[in-house]
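Now for the letters of each chain:
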Protein chains: 2
Amino acid sequence: MQYPFTKRVSGITSSAVRDLLKVIQSGNIISFAGGLPDEALFPVQELELAYQKVFRSGGKYLQYGPTEGDVELRTLIQERLRERAIPASLENILVTTGSQQAIDLLAKVFLSAGDTVLVENPSYLAALQAFQLYEANMIAVQSDHHGMIPEDLEEKIITHSPKFIYVVPTFSNPEGKVWSKERREALLQLAAKHNVIVVEDDPYSDLRFTDEQPVPLAGMEADGAHVIYTSTFSKTVAPGVRIGWLTGPKEVIRMSALSKQSTDLHTSSIDQRALYYFLQDFPIRQHVERLREQYKHRLQVMQRHLSREGQNLFEWAEPQGGMFLWVSMKGTIDASELLEAALQEGVAFVPGASFFVGQPERNTLRLNYTHAAPEVIEAGMARLMTAIDKVVASSVNGR
Amino acid sequence: MQYPFTKRVSGITSSAVRDLLKVIQSGNIISFAGGLPDEALFPVQELELAYQKVFRSGGKYLQYGPTEGDVELRTLIQERLRERAIPASLENILVTTGSQQAIDLLAKVFLSAGDTVLVENPSYLAALQAFQLYEANMIAVQSDHHGMIPEDLEEKIITHSPKFIYVVPTFSNPEGKVWSKERREALLQLAAKHNVIVVEDDPYSDLRFTDEQPVPLAGMEADGAHVIYTSTFSKTVAPGVRIGWLTGPKEVIRMSALSKQSTDLHTSSIDQRALYYFLQDFPIRQHVERLREQYKHRLQVMQRHLSREGQNLFEWAEPQGGMFLWVSMKGTIDASELLEAALQEGVAFVPGASFFVGQPERNTLRLNYTHAAPEVIEAGMARLMTAIDKVVASSVNGR
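Predicted, not measured: the structure shown is a model, and the values here were computed from it.

K.L.:
What should I look at first to understand the overall build of chain A in this one?
P.N.:
Along chain A, the regular secondary structure elements total 13 helices and 15 strands. Rg of the C-alpha trace for chain A: 21 Å, near the compact-globule value of 21 Å for 399 residues, within the 12% margin. Projected onto its principal axes, the C-alpha coordinates of chain A cover approximately 65 × 60 × 55 Å. Counting the 399 residues in chain A, one finds 65% classified as buried. Taking all contacts inside chain A whose residues are at least 6 apart in sequence as the whole, residues at least 24 apart take part in 74%. Carbon and sulfur atoms make up 48% of the accessible area of chain A, which amounts to about 14700 Å² in all. The distance from the centre of the 39 positive side-chain charges to the centre of the 48 negative ones in chain A is 3 Å.

K.L.:
So what exactly am I meant to see when it comes to the relation of the copies chain B and chain A here?
P.N.:
Mapping between the two copies of the chain is achieved by a rotation about an axis and a shift along the axis. With an RMSD of 0.0 Å, chain B superimposes on chain A once it is rotated by 180° and translated 0.0 Å along the axis. Taken together, the rotation angle and the small translation identify this as a two-fold axis. Both copies contact each other with a shared surface, as 99% of the interface residues of chain B are interface residues in chain A too.

K.L.:
Looking at this structure, how should I read the sheet that holds strand E2 (residues 93-96) of chain A?
P.N.:
Whether parallel or antiparallel, the strands of a sheet pair through hydrogen bonds between backbone atoms. Residue and element names in this part refer to chain A. The strand order across the open sheet built from seven strands is E2-E10-E9-E8-E7-E3-E4, with neighbouring strands paired in mixed fashion. Edge strands, defined here as strands with exactly one partner in the open sheet, are E2 and strand E4 (137-140). Each adjacent strand pair in this sheet contributes to an overall mean axis angle of 20°, direction not counted. Where strand E7 (residues 164-167) and strand E8 (residues 197-201) come together, four bridges link them in parallel fashion. The partner of Tyr166 across the bridge, within E8, is Val199. Most of the contacts of helix H9 (residues 250-264) go to E2, to which it runs at about 30°, and overall it touches E2, strand E9 (227-232) and strand E10 (244-247).

K.L.:
Would you take a moment to explain the interface of chain B and chain A for this structure?
P.N.:
Size of an interface: often given as the accessible area lost when the parts come together. Counting residues at the interface gives 82 residues for chain B and 81 residues for chain A. Each partner contributes to the roughly 7000 Å² buried at the junction of chain B and chain A, and carbon and sulfur atoms together form 59% of this total. At the junction of chain B with chain A, the criterion picks out four salt bridges. The salt bridge partner of Glu48 of chain B is Arg56 of chain A, with a shortest N-O separation of 2.6 Å. Run the count over chain B and chain A and you get 40 residue pairs in polar contact (both at pLDDT 80 or more).

K.L.:
What am I meant to see in the packing of aromatic side chains here?
P.N.:
Each aromatic ring pair is characterised by the separation of its centres together with the angle its planes make. Residues and elements named next belong to chain A. All told, the structure shown has 27 aromatic pairs over all chains when counted by the stated rule. Ring geometry for Phe110 and Phe164: centres 6.1 Å apart, planes at 70°, overall edge-to-face. With Phe110 in helix H4 (residues 98-110) and Phe164 in strand E7, this residue pair connects regions lying 54 residues apart in the sequence. Across the pair, Phe164 and Phe110 agree in class, each one buried.

K.L.:
Got a minute to help me understand the pairing of E2 of chain A in this structure?
P.N.:
Strand residues, when the strand is regular, have side chains that alternate between the two faces of the sheet. Residue and element names in this part refer to chain A. Burial along E2 is two-sided: Ile93 and Val95 and Leu94 and Thr96, pointing in opposite directions, are all buried. Looking at chain direction, E2 and E10 are connected through four bridges and run antiparallel. Within E10, the residue paired with Leu94 across the bridge is Leu246.

K.L.:
Where do I start with the packing of helix H2 (residues 44-56) of chain A against helix H10 (residues 269-281) of chain A in this structure?
P.N.:
The description of two helices packed together rests on the angle between their axes and the distance between the axes. Residues and elements named next belong to chain A. Interaxial distance between H2 and H10 falls to 8 Å at its minimum, and their mutual angle equals 120°. Taken together, the axis directions place H2 and H10 in an arrangement best described as oblique. Of the two elements, H2 crosses H10, and the hand of that crossing is right-handed. Each of Glu46, Leu47, Ala50, Tyr51, Lys53, Val54 and Phe55 in H2 lies in contact with H10, whose residues at this interface are Ile270, Asp271, Arg273, Ala274, Tyr277, Phe278 and Asp281. Residues belonging to the contact of H2 with H10 are distributed by class as follows: nine nonpolar, no polar and five charged.

K.L.:
Sorry if this is basic, but what is going on with the pattern of salt bridges here?
P.N.:
Here the idea is simple: oppositely charged side chains can pair when their charged atoms come close. Taken as a whole and judged by the stated rule, the model has 44 salt bridges over all chains. Here Lys163 of chain B and Asp115 of chain B are joined by a salt bridge, their closest N and O atoms 3.2 Å apart. With Lys163 of chain B in the loop between helix H6 (150-160) and strand E7 (164-167) and Asp115 of chain B in the loop between helix H4 (98-110) and strand E3 (116-119), this residue pair connects regions lying 48 residues apart in the sequence. Here Lys163 of chain B matches Asp115 of chain B in class, with each residue buried. Put simply, Arg80, Arg84, Asp202 and Asp206 of chain A are held in one network by salt bridges that share partners.

K.L.:
Where do I start with the nonpolar core in this structure?
P.N.:
As a rule of thumb, nonpolar side chains are buried together in soluble globular proteins. In this structure, Ile165 of chain A together with Ile165 of chain B are the most contacted members of the largest nonpolar core, which totals 102 residues. Sequence-distant contacts of Ile165 of chain B, defined by excluding residues within four places in its chain, comprise Leu118, Met148, Leu153, Ile157, Leu187, Val196, Ile197, Val198 and Val199 of chain B. Judged by nonpolar contacts, the second largest core, of 85 residues, contains Val117 and Ile228 of chain A together with Ile103 and Val168 of chain B.

K.L.:
Would you mind going over the environment of Asn137 of chain A with me for this structure?
P.N.:
All names here are of chain A. Tracing the chain through its elements places Asn137 in strand E4. Between the C-alpha atom of Asn137 and that of Pro162, which follows or precedes it by 25 residues, the distance is 9.2 Å. Other than its neighbours up to four places away in sequence, Asn137 contacts Gly114, Asp115, Thr116 and Val117.

K.L.:
Any chance you could explain the domain arrangement of chain A here in plain terms?
P.N.:
Residue and element names in this part refer to chain A. Its domain assignment divides chain A into domain 1 (7-42 + 285-397) and domain 2 (57-281). Inter-centroid distance (C-alpha atoms) of domain 1 to domain 2 is 26 Å. At the interface, 34 residues of domain 1 touch 34 residues of domain 2. Around 2900 Å² of area is buried between domain 1 and domain 2 when both sides are counted, 63% of it from carbon and sulfur atoms.

K.L.:
I'm lost on the sheet that holds strand E8 (residues 197-201) of chain B in this one. Help?
P.N.:
Residues and elements named next belong to chain B. Taken in spatial order, the seven strands make up an open sheet running E2-E10-E9-E8-E7-E3-E4, and their pairing is mixed. Each edge of the open sheet is held by one strand with a lone partner, namely strand E2 (93-96) and strand E4 (137-140). Here the average twist between neighbouring strands, direction ignored, is 20°. Bridge count for E3 against E4 is four bridges, and the pairing is parallel. Bridge pairing links Val117 to Met138 in E4. Packing against the sheet, helix H9 (residues 250-264) makes contact with E2, strand E9 (227-232) and strand E10 (244-247), and its axis sits at approximately 30° to E2.

K.L.:
I keep staring at H2 of chain A and nothing clicks. Help me out?
P.N.:
Along an α-helix, a turn takes 3.6 residues, which lines up residues three or four apart on a common side. For H2 of chain A, built from 13 residues, the straight-helix expectation of 18 Å at 1.5 Å per residue is met to within 8% by its first-to-last C-alpha distance of 18 Å. For H2 of chain A, every residue scored as buried is listed here: Val44, Leu47, Glu48, Ala50, Tyr51, Val54 and Phe55 of chain A. For H2 of chain A, the arc enclosing every buried residue in end-on projection is 165°, short of the 170-degree limit, so these residues lie on one face. The exposed residues of H2 of chain A that point more than 90 degrees off its buried face are Gln45, Leu49 and Arg56 of chain A. Its buried side turned inward, H2 of chain A meets H10 of chain A together with helix H2 (44-56) and helix H10 (269-281) of chain B. Remark: Gly58 of chain A follows H2 of chain A within two positions and exhibits a positive phi of approximately 85°.

K.L.:
Can you help me understand the environment of Ser205 of chain A in this one?
P.N.:
All names here are of chain A. Within the element layout of this structure, Ser205 appears in the loop between E8 and helix H8 (217-220). Residue Ser205 is classed as buried on the basis of its relative accessible area of 4%. Distance in space between the C-alpha atoms of Ser205 and Ser172 is 9.2 Å, their sequence separation being 33 residues. In this structure Ser205 touches Arg84, Thr170, Phe171 and Gln213, once residues within four positions along its chain are discounted. At 2.9 Å, the side chain of Ser205 and the side chain of Asp202 are in polar contact.

Scoring rules and cut-offs
- Residues numbered from 1 in each chain as written.
- Chains lettered and ligands numbered in written order.
- Predicted model: local features only at pLDDT ≥ 70, side-chain atom pairs only at ≥ 80, totals over all residues.
- Heavy atoms only, no water.
- Helix = DSSP H or I, 4+ residues; strand = E, 2+ residues; numbered from the N terminus.
- Rg over C-alpha atoms; globule rule 2.2 N^0.38 Å.
- Buried < 20%, exposed > 50% of the residue type's maximum accessible area, 1.4 Å probe, protein only.
- Contact = heavy atoms within 4.5 Å.
- Areas by Shrake-Rupley, 256 points an atom, 1.4 Å probe, with all protein chains shown as cover.
- Lys, Arg positive; Asp, Glu negative; His and termini not counted.
- Charge placed at Lys NZ, Arg CZ, Asp CG, Glu CD.
- Least-squares fit on C-alpha atoms with pLDDT ≥ 70 in both.
- Pairing = 2+ DSSP bridges.
- Axes fitted to C-alpha atoms, helices over the stretch in contact; angles between N-to-C directions.
- Buried area = accessible area lost by both parts, 1.4 Å probe.
- Salt bridge = Lys/Arg side-chain N within 4 Å of Asp/Glu carboxyl O.
- Polar contact = N/O pair within 3.5 Å; in protein donor to acceptor, adjacent residues only side chain to side chain.
- Phe/Tyr/Trp six-rings, centres within 6.5 Å; stacked < 30°, edge-to-face > 60°.
- Parallel < 35°, antiparallel > 145°, perpendicular 65-115°, else oblique.
- Left-handed = near helix turned anticlockwise from the far one by under 90°.
- Nonpolar A, V, L, I, M, F, W, Y, C, P; charged D, E, K, R; others polar.
- Core = buried A, V, L, I, M, F, W, Y, C linked by side-chain atoms within 4.5 Å.
- Domains from an automatic or database assignment.
- Expected span 1.5 Å × (residues − 1).
- Arc of directions from axis to C-beta.

Here it is as structure tokens:
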């Protein structure tokens, strides 16, 4: 039979990234495609002990729990937020199933068909998909390497009356860029002036490679009225635990929690409690230091290949943190053409086109440097360079 | 500031049940309100071992995983479905964060503002809330103790062209009733004749108190084209693990999985893998047998009080399984008035009015008999009888 799906899902397509992941998992391919941390760096034994504690407490944490989340876990999140200069009481915090759910819940409470969301371009793919499912219009604001251009942002606020502005200002996905302090301030001023909400998605800020820790937008706003903030433990503890959170004004958290009730009742109480015990006992700072060193080293390995072998072809800005290297190719090479050649050589990445709203830049690619070990990155980059040589040669021959 | 919430959430209210749970948790109150299994019966030690196995496999299951769910867990779910006479390949199964998420995803892929869903009356509250969040109209179909009345169902299918019919045909919430075979067949015939989808929510069927196991609708349909089925491990293993699943035609599962991508990426891979190991090793049939005996005994304790002390006041049909006893009070007593008196005596239940679409029957109440131990049920029912005596007395005095 023909199933009467609603208009909302008529344009839905699978995430290019997640589809690619399936191809990759099936073969002997080195992948720079996913946004995966390295499982070899997960604190497995410490998590095992934390989960053990949950069960040693009896059946209590195996029962249904509050939609808002485990109270003591929220207290620890509150402390983390304080370190990031973000003031929050427990009523300002909702535990979610990864920060992806935080994004979806915000879409659910704010967006109707035809509503506008202002976004960076390129932008985080699965956020765009979440907004699309509520039939929102995404309008891209002009940006440079320092963030959105204030003049264009204000014009688009006035023209489109957006429900909110969605940004990843610290080590963005896919570009790996950091907004400057000036641009952050400009965004907040415009949000206050025009009374627009800013959704700040901040999954990567712990993974910084310099001593400079950018202050989140949510930490810069005096009254906390306009910025809704989301972050996650996926990149610093483990993604499989699926715990993120949403922080914002009480009214927004309350409405999001009410929506979460009918979405999944609550996030796994076992995972929440285990994460609480884990964070209590585990020297997370030291662990994050180690991640920073490791990932920075891997980034350097990757960049070395790019500058050595493709100096005339590739352009990129060195990321100061996060998980992604965003590369533009000079000339007319299409990244999806390069991907085909790359897969034949046994290496994968994500063509940048997927991340754009409207006209994509087809000469861009996103490389993840956090999943593979350094020696695997060496091998994968060698393969990628072979692929690029072949594509360049065939494009020359074709003329 | 005034937050620009969308129309969808303008009518949203917190679940009466979940709000009541908060009140109850804060005091010395015996609760028959929640839909909670007894945590004293959870297989805690066996779950501890299963989670340990996850971590002993290294970091693999702590990584991001497929949206559709752990393949081997889905294979075990497939076996469970076969026992329930429901044929399914892996492509027909999506792992969800509890069956609540399955309901929400179906709402997401099928419902736009103004679409109609046909429901039983009373019906499962959090399903109604999920449908409401997509601005659907719920239309109640006339029912008796054997299920929906086919004539009224057909008339309402013709009049309202519903997107789907939502039913809990086995040990329903809140009524605890079982649809007869004839009514199941009639529903399926009408679904096929008018090409309407049936969503069968089946969280309770394992908890049966007789030898008769009703065949699910999804097991009765030859081509599997019209019935979408959801169930959960919350009632037989533990709710905190938050694992349910959705089974249906490939197109529906595919669309639901695409929607789940942007909803939460996937359900906790740790919980999924642990549940897989648990189900592999644990004699779940024996465990469920024990739950059946325990819960049946508790139901009997509860009924004994009702018939002894309130014979002239209460009416109910004995449930053949599940977690709820649905009681009507003769006369004009309002259950919310009784609740106030009951809370003063230290006992809680949910007034039935919350579960109705349209005009509620205010003389009804839902009593849960699975959470409290038998001796606590004794004490709680004694308190409830004191409360009812007081309400009856004051209503007589008031005249």
